[in-house]
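Residue strings, one per chain:
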Amino acid sequence: MQRQILVTGGNSGIGLEMVRDFVNQGHEVMIAARDLGKTMGVIQALKQEIPSARLHGVALDLADFASIDAAARDILTTLTQLDTVMLNAGSFTRGLRSQANGLESMIGSMHFGHFRLMQHLLPQLKIAAEARVVVTASVAHWTGRIDEAAFTDYSRYGSDIVAYGSAKLANLIYARELARRLEGSNIRVNAFHPGGVATGIWREMPGPIQKIVDKVLITPTKGADTAIWLATSAEAKSHHGGYFTRRKADFSKPSSRNKAIAARLWATSERIAGL
């Protein structure tokens, strides 16, 4: 089955490895990332490497709702049979900060930005014969918590590590709640932990943490493997609402499986980032 796939954050790190594998499999792929110039350079390089690659790029700033809305229009115009979405874009910002819209920057882009984007894309996925959504979560979700006041008052997190973990916890909760809401549909939704991957996300981590993770980091190719498997394999079609590491179901923080917390987060997300 040939797919039309959107990859957010697909111009570097594990997102780029997803894109490379997908086009090697013959799928049509659109890279959505903030720096369109960088994205087009990546596309040019991939087409030299894989002449048959069907690739597109679109500018997407997940911190800016207007950018998200504009990108969604381009995505749906270009990928008229979109059936696979990789919600992968993410970043660690050293030091707590806000976006222009007042949201804490990490949860603002990684969760609320993706939530708004998916509001645009879900109608198309629902009419596909068989669709998949894969969310890049992280073991770091264990350090996070869902604190609605902290969405705009980042001082409540106390540290950038907790803020990052909270964004990743929100990613995982969203994936499970979306799966629950789509139960019985043609769409399969799963999340995964890529492992400690040697990508740019670590550049802003505190020095001591960098020294520790440098010893255990894996390559982006290995980090992307579970995502690619969830998106394209026949085996993964049976999975829905799961959280995986190295292609195996993994245990997660109890709050990531709490239906009441998920319902509240969904309602808040609709209020803040709904269409």
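Structure's up top.
Residues numbered from 1 in each chain as written. Predicted model: local features only at pLDDT ≥ 70, side-chain atom pairs only at ≥ 80, totals over all residues. Heavy atoms only, no water.

S.K.: What's the story with helix 2 (residues 36-49) in this structure? I'm lost.
M.R.: Turn by turn, an α-helix covers 3.6 residues, leaving residues three or four places apart pointing in a common direction. An ideal rise of 1.5 Å per residue puts 20 Å on 14 residues; helix 2 measures up with 20 Å between its terminal C-alpha atoms. Along helix 2, the residues classified as buried are T39, V42, I43 and L46. Each buried residue of helix 2 lies within a common arc of 100° when the element is viewed along its axis, so the set occupies one face. Along helix 2, the residues that are exposed and aim more than 90 degrees away from the buried face are G37, Q44 and Q48. Among the structural elements, helix 1 (13-24), strand 2 (28-33) and strand 3 (54-59) are those in contact with the buried residues of helix 2. If you check the start of helix 2, you find a side-chain oxygen 3.1 Å away from the backbone N of G37, and it comes from D35. (Helix = DSSP H or I, 4+ residues; strand = E, 2+ residues; numbered from the N terminus. Expected span 1.5 Å × (residues − 1). Buried < 20%, exposed > 50% of the residue type's maximum accessible area, 1.4 Å probe, protein only. Arc of directions from axis to C-beta. Contact = heavy atoms within 4.5 Å. Polar contact = N/O pair within 3.5 Å; in protein donor to acceptor, adjacent residues only side chain to side chain.)

S.K.: Would you take a moment to explain the sheet that holds strand 1 (residues 4-8) for this structure?
M.R.: Strand pairing in a sheet is mediated by backbone hydrogen bonds. Such pairs are either parallel or antiparallel. In spatial order, the strands read 3-2-1-4-5-6-7-8; together these eight strands make up an open sheet with mixed pairing. Only two strands of the sheet have a single neighbouring strand rather than two, namely strand 3 and strand 8 (248-249). As defined by bridge partners, strand 6 (residues 187-193) adjoins strand 7 (residues 243-245) across three bridges and the pair is classed as parallel. Along strand 7, the bridge assignment pairs F192 with F244. Its contacts with the sheet place helix 2 against strand 2 and strand 3, and it is angled at close to 175° to strand 3. (Pairing = 2+ DSSP bridges. Axes fitted to C-alpha atoms, helices over the stretch in contact; angles between N-to-C directions.)

S.K.: Help me out: how do you make sense of the nonpolar core in this one?
M.R.: As a rule of thumb, nonpolar side chains are buried together in soluble globular proteins. Core analysis: the largest hydrophobic core is formed by 59 residues, its most contacted members being L6, L117, M118 and L125. Of all the secondary-structure elements, those providing two or more residues to this core are strand 2, helix 3 (65-78), strand 4 (84-87), helix 4 (105-127), strand 5 (131-136), helix 5 (160-181), strand 6 and helix 8 (259-273). Ranked by residues supplied to this core, first place goes to helix 5 with 12 residues. Excluding its chain neighbours within four sequence positions, the residues that come into contact with L6 are M30, A32, I75, L79, L82, T84, V85, M86, L117 and L121. By size, the runner-up hydrophobic cluster in this structure holds 28 residues, among which are V7, I43, I50 and L55. (Core = buried A, V, L, I, M, F, W, Y, C linked by side-chain atoms within 4.5 Å.)

S.K.: I'm lost on the packing of aromatic side chains in this one. Help?
M.R.: Centre-to-centre distance and the angle between the planes together describe a pair of aromatic rings. Tallying each qualifying case throughout the model produces seven aromatic pairs. Considering the side-chain rings of F92 and Y164, the 5.8 Å spacing of their centres and the 70° angle between planes classify their relative orientation as edge-to-face. Of this pair, F92 sits in the loop between strand 4 and helix 4 while Y164 is found in helix 5, placing the two residues 72 residues apart along the sequence. Aromatic side chains F115 and Y174 sit 5.7 Å apart centroid to centroid with 65° between the ring planes, which places their arrangement in the edge-to-face category. Here the residue F115 occupies a position in helix 4, and Y174 occupies one in helix 5, the gap between them amounting to 59 residues. (Phe/Tyr/Trp six-rings, centres within 6.5 Å; stacked < 30°, edge-to-face > 60°.)

S.K.: Is there a simple way to explain the pattern of salt bridges in this structure?
M.R.: Two side chains carrying opposite charge are able to pair once their charged atoms lie near each other. Per the stated rule, a full pass over the model turns up 11 salt bridges. In this structure, R54 and E28 form a salt bridge, with 3.8 Å as the shortest nitrogen-oxygen distance. Note that R54 is positioned in strand 3 and E28 in strand 2, a separation of 26 residues in sequence. With relative accessibility at 38%, the residue R54 sits in the partly exposed group. For the salt bridge of R156 with D147, the shortest nitrogen-to-oxygen distance reads 2.8 Å. Assessed through its relative accessible area of 43%, R156 is described here as partly exposed. (Salt bridge = Lys/Arg side-chain N within 4 Å of Asp/Glu carboxyl O.)

S.K.: Please explain the environment of A45 as it appears in this structure.
M.R.: Residue placement: A45 occurs in helix 2. Considered as a pair, A45 and D21 are 24 residues apart in the sequence and their alpha carbons are 14 Å apart.

S.K.: Any chance you could explain the packing of helix 4 against helix 8 here in plain terms?
M.R.: A pair of packed helices is characterised by two quantities: the angle between their axes and the separation of those axes. Across the interface, helix 4 lies against helix 8 with an axial gap of 10 Å and an inter-helix angle of 75°. The pairing of helix 4 with helix 8 is recorded here as roughly perpendicular in orientation. Residue-level contacts link H111, F112, F115, R116 and Q119 of helix 4 to L265, W266, T268, S269, E270, I272 and A273 of helix 8. Partitioned by chemical class, the residues of the contact of helix 4 with helix 8 number six nonpolar, four polar and two charged. (Parallel < 35°, antiparallel > 145°, perpendicular 65-115°, else oblique. Nonpolar A, V, L, I, M, F, W, Y, C, P; charged D, E, K, R; others polar.)

S.K.: I would appreciate a short explanation of the packing of helix 5 against helix 8 in the present structure.
M.R.: Across the interface, helix 5 lies against helix 8 with an axial gap of 10 Å and an inter-helix angle of 95°. When the axes of helix 5 and helix 8 are compared, the pair comes out roughly perpendicular. Side by side, helix 5 and helix 8 meet where A170, I173, Y174, E177, L178 and R181 of the first sit next to I261, A262, L265 and W266 of the second. Partitioned by chemical class, the residues of the contact of helix 5 with helix 8 number eight nonpolar, no polar and two charged.

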